[in-house]
Amino acid sequence: MSNRRIDEDKRATLRRFAALGAATPLVGLGGGTDDDGTSKSSDARDAIVGYVAATPGAHFSKVRDDLKLGTGETQYHLRNLVDDGTLDVRRDGDYKRFFPAGRFSEYEQVALGYLRRDTPRGMLILLLRNPDATGSKLADSLGVSRATVSTYAKELDSVGLLSREDGYAVREPETVITLLIRYADSFGTDAAAFANDAAGFIRFDP
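Note that the structure is a prediction, hence the values are computed from the model and not measured. (Residues numbered from 1 in each chain as written. Predicted model: local features only at pLDDT ≥ 70, side-chain atom pairs only at ≥ 80, totals over all residues. Heavy atoms only, no water.)

1. Observations regarding the pattern of salt bridges
As a reminder, the rule being used: Whenever a carboxyl oxygen of Asp or Glu lies within 4 Å of a side-chain nitrogen of Lys or Arg, that contact is scored as a salt bridge. Each helix corresponds to a stretch of at least 4 residues labelled H or I by DSSP, and each strand to a stretch of at least 2 residues labelled E; elements are numbered beginning at the N terminus. Each residue is assigned to one of three classes by its accessible area relative to the maximum for its type, calculated with a 1.4 Å probe on protein chains only: buried under 20%, partly exposed between the two thresholds, exposed over 50%.
Counting across every chain of the model gives 12 salt bridges. For Lys62, the salt bridge goes to Asp66, with nearest N and O atoms at 2.9 Å. With Lys62 and Asp66 both in helix α3 (residues 60-66) and four residues apart, the pair spans about one turn of that helix. Under the relative-accessibility criterion, Lys62 is labelled partly exposed at 30%. One salt bridge connects Arg117 with Glu155, and the closest N-O pair in it is separated by 3.3 Å. Here the residue Arg117 occupies a position in the loop between α5 (106-115) and α6 (118-129), and Glu155 occupies one in helix α8 (residues 146-158), the gap between them amounting to 38 residues. The class for Glu155 is partly exposed, based on a relative accessible area of 27%. Overlapping salt bridges bring together Asp92, Arg97, Arg117 and Glu155 as one network.

Dropping the structure here:
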């Protein structure tokens, strides 16, 4: 792929997400212009805001790679967006995860962080579909070892997403379901399928 094509793809990606972020306060500050007079810094900044709004809980590398930005450029804008109060950041092990400022509770931020990991997300989705699922069933369905399920179950329990008192049970399932459905397109295909099927197993009690 030519450098020109790569640049055009990057610009299209930035502008697509910048359209989501443009309405957010404190975005669009200047910082240099491109050949056509467009502010490169503004495009990147707005795109990061729009991307994080659509993909809350994304970590640094995902923001950088999905927006086709350089490491230094991404670091610069994320740091400024956190400093000026546009984004919140939460440490998650080796990751820093980013969220629109003031939009999510601590529980929701933790939940979104784990929903962005394939195995924990798969476990939570399977338990929401089948609350009686055992550790062995989860392992078989996800194609991982029973030890892996046990390790993640312990971790999910420690952060308040899972109860292990009597088998496995999702804590605050309504919140987890809402996050899965609202941001389904930003997770994997398992979340999209879950969102499509949600009406079949969510029961309202007016």
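Alright, that's what it looks like, and here's the rest.
2. Comments concerning α5
Residue pairs three or four apart in sequence face the same way in an α-helix, which turns once every 3.6 residues. Operational definition: In this analysis, two residues are considered to be in contact whenever any of their non-hydrogen atoms come within 4.5 Å of each other.
When you tally the buried positions in α5, you get eight out of 10 residues, the bulk of the element. Taken together, the buried positions of α5 are Tyr107, Gln109, Val110, Ala111, Leu112, Gly113, Tyr114 and Leu115. Where α5 is buried, its residues touch β2 (87-92), β3 (95-100), α6, α8 and α9 (173-182).

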